[in-house]
Structures are given as C-alpha cells and as structure tokens.
Amino acid sequence: MTKGTYVKYSISFALLAAMMCFLFIWNIHSGSVRLSVEEISEILFRRTGEAASYRIVWDIRLPRILSAVILGGALSVSGFLLQTFFANPIAGPFVLGISSGAKLVVSLVMIVLLGRGMSIGSAGMILAAFAGSMISMGFVLMISGKVKKMSMLVICGVMIGYICSAITDFVVTFADDANIVNLHNWSMGSFSGTSWENVRVMAAVVFLALVLVFLMAKPIGAYQMGEVYAQNMGVNILRFRMALILLSSVLSACVTAFAGPISFVGIAVPHLVKRLFKTAKPILMIPGCFLGGAVFCLFCDLAARTVFAPTELSISSVTAVFGAPVVIYMMVHNRKGMQ
C-alpha cells in the first residue's frame, strides 16, 4: 500500500467517523425536548443535570442511538457478505426475502406466546429470526442452483419476500387485537423502545459475528477473485460458503429481532462505501460498511423522528426513500461493483 493510498483510506475512515459523531450528538440534541450541547456534555460526562433531561438522554435516546449504530452497521456488513456470496451488487437481506422470512417466524412466535400470556426475551427473538432467515436463505440457495441469471435470482428473492409477508398478514388476522398492535409496531421497523438490556445483547451478538467476519477477510478477498482462485489459495469453498451464509443470517436476524425489517440498507450502503474507498477489499470494506451503515441509520432515524414530529415514521420507510435511488442507479447503469 502506497503512502497516497494509505492517506486516502485514512481520510475516508475519518470522514465516516466524523459523520457518525456529528449525527450521534445531533440525535441526542433533537426531539420533542431539545437539549443544548452544554447540557448533553454535563449529562454524559459528569452525570449531572435536570432529572427529566437526564432520564431522556440515558433511558430513551442513548439506547435508541446505540441500537441504530449497532444494527445499522450489522445490516450493512450482512449485505456486503451476501453481495460477495452471490457476486451481485443488489443482493441483500431485504431484497432476497431473508428479512421477510425472519419477520414471519418472529411473528408466529410472538403471536403464539403472547396469546398464551407469555413473553419472549431477546435471545428468543434472535433465535426465531435466525430460523426464519435460514429458511428463506435455503429457498434462495435452491433457486440459485436452478437459474443462470442473477437478475432472476433477485426477482425470485423478491417473490419469496412477498410470500412470507402474505403468510404473516394471514396469520395476523387470527391474532388478538392487543397482539396485533404489538406486532404491527414491531413489523413497521423502528429503533424506539430499545432498552439497555437489548443494547447489551445485540452488541455482544454483533461484535462476535463481526470478529469472525473480520477473521475471514483474506478468504473473502480470495473468493472475490473467483472460486478456482480461492481453491488454489487453500480455501475450503464449502465451509467458506456455509460460514458466509451463517454469519450474514446472524447479523440480519439480529437486526430483524430488535428493530423489525429494515429495507435497502444492506444493498445501498456497501455500494456507497465501495464508491468512497474505490476498492472492494474486505479488510477495508468490513469496518467501512459498519461505519457507513451506522451513519446511514443514524441519519434515517433522525429524519424518522423529526421531519413530521410529533408523528414518527417507520425507519424502513425512510431508509427506502434514501436507499432505493442508489439501487435504481446501480440497476440503470448495470454495474457489477468492484469485485
């Protein structure tokens, strides 16, 4: 790596980090109760301030902001892994129906348990979402072995998503009214209502998955050059593909379990990060995608909370508004990304 390239990458990371810090503070500042930078500093660093403001920051806004950072980054990295796996720049958890599969199983579990007066914990939500993700991924893999064109694979993934959504809507019609309200709020997609316990669980799951993904950076780089090249470099293709599927499913399942289905982040952000870094090297793309996903979701969550305040938009609607044009641009220009 030349000095000029090193400086370019350093500037790119610094830009993403600065944007994340700026949006982090802006999200704490904005809301029905606006707080000054001085008040925020007092509350965060000195643990002092008015009781109401202190509670708003520590119990409501900080968990929500941290969940946007963690889950936004996780969804972006999951999208990057799927794009690498299928060698397709518009492959992502939402487009391929993986998020819809996770939503279906979580909905079934929630309806059954809530109907019996039982609750489901964070671990249960993640396991249910992971099971749904793996079921949808299984169908996608079966289809990928039958079709030659990647465009057909994406269309089939969209159809799987519609089928899962239709089944979910059918099941919801037989749920109790109270359960429908809970399920509707979750299925619309939102970072609101996140607790510190949720943050700890999602942080542990995502951190472990990201460490494993980062350890696979070299095999991923070899796989981007083609399966034959990867095999010549000593990569066990079968194990590698299984690991890629499992890790991408865990990351997307964690997002769906805590925030509901969120669209276009896993497709748009990896593409934008590639454009920023001018490379698809995994050693740069993995942390870059995480930072990019965090920035994107912080911005979209801020818009969801403030644009039509006090009415709050679903996070998936806002991410679609900003992410869909990126996907349209990619499809119109028929670019296959920097693989």
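Quantities reported herein were computed from a predicted structural model and do not represent experimental measurements. (Residues numbered from 1 in each chain as written. Predicted model: local features only at pLDDT ≥ 70, side-chain atom pairs only at ≥ 80, totals over all residues. Heavy atoms only, no water.)

Trainee: Would you explain the overall build of the protein chain in this entry?
Mentor: A tally of regular secondary structure across the protein chain gives 14 helices and zero strands. Sequence-ordered secondary structure for the protein chain, helices as α and strands as β, is α-α-α-α-α-α-α-α-α-α-α-α-α-α. Considered along the principal axes of its C-alpha atoms, the protein chain spans approximately 65 × 60 × 35 Å. Within the protein chain, residue pairs in contact and separated by at least 24 positions form 78% of the contacts whose partners lie at least 6 positions apart. Carbon and sulfur atoms make up 68% of the accessible area of the protein chain, which amounts to about 16300 Å² in all. (Helix = DSSP H or I, 4+ residues; strand = E, 2+ residues; numbered from the N terminus. Contact = heavy atoms within 4.5 Å. Areas by Shrake-Rupley, 256 points an atom, 1.4 Å probe, with all protein chains shown as cover.)

Trainee: Just to check I follow, could you spell out the environment of Leu-302 for this structure?
Mentor: Here Leu-302 lies in helix 13 (residues 282-306). Residues Leu-302 and Ile-315, 13 residues apart in the sequence, show an inter-C-alpha distance of 9.3 Å. Non-local contacts of Leu-302, meaning those with residues more than four positions away in its chain, are made with Leu-23, Trp-26, Asn-27 and Ser-30.

Trainee: It is not clear to me how a positive patch on the surface should be interpreted in this structure. Could you clarify?
Mentor: On the surface, a cluster of positive charge is made up of Lys-8, Arg-275, Lys-278 and Lys-281. Positionally, Lys-278 belongs in the loop between helix 12 (265-277) and helix 13. Look at Lys-278 and you get exposed, because its relative accessible area is 52%. (Patch = residues over 30% accessible without salt bridge, like charges linked within 9 Å, V, L, I, M, F, W, Y side chains within 5 Å. Salt bridge = Lys/Arg side-chain N within 4 Å of Asp/Glu carboxyl O. Lys, Arg positive; Asp, Glu negative; His and termini not counted. Charge placed at Lys NZ, Arg CZ, Asp CG, Glu CD. Buried < 20%, exposed > 50% of the residue type's maximum accessible area, 1.4 Å probe, protein only.)

Trainee: How should I be thinking about the nonpolar core in this particular structure?
Mentor: Side chains of a nonpolar character, in soluble globular proteins, are inclined to be buried together. Core analysis: the largest hydrophobic core is formed by 95 residues, its most contacted members being Val-57, Leu-71, Leu-81, Phe-86, Phe-191 and Ile-262. With 16 residues, helix 3 (residues 51-86) is the largest single contributor of residues to this core. Apart from residues lying up to four places away in sequence, Leu-71 is in contact with Phe-191, Met-202, Cys-254, Val-255, Phe-258 and Ala-259. If you look at the next biggest cluster of nonpolar residues, it comprises eight residues, including Val-95, Ile-267, Ala-268 and Met-330. (Core = buried A, V, L, I, M, F, W, Y, C linked by side-chain atoms within 4.5 Å.)

Trainee: So what exactly am I meant to see when it comes to the side chain of Ser-248 here?
Mentor: Turning to its location among the elements, Ser-248 is positioned in helix 11 (residues 237-259). Among the polar contacts listed, one links the side chain of Ser-248 to the backbone oxygen of Ile-245, at a separation of 3.0 Å. Once residues within four sequence positions are removed from consideration, Ser-248 is found in contact with Ser-78, Leu-81, Leu-82 and Met-137. (Polar contact = N/O pair within 3.5 Å; in protein donor to acceptor, adjacent residues only side chain to side chain.)

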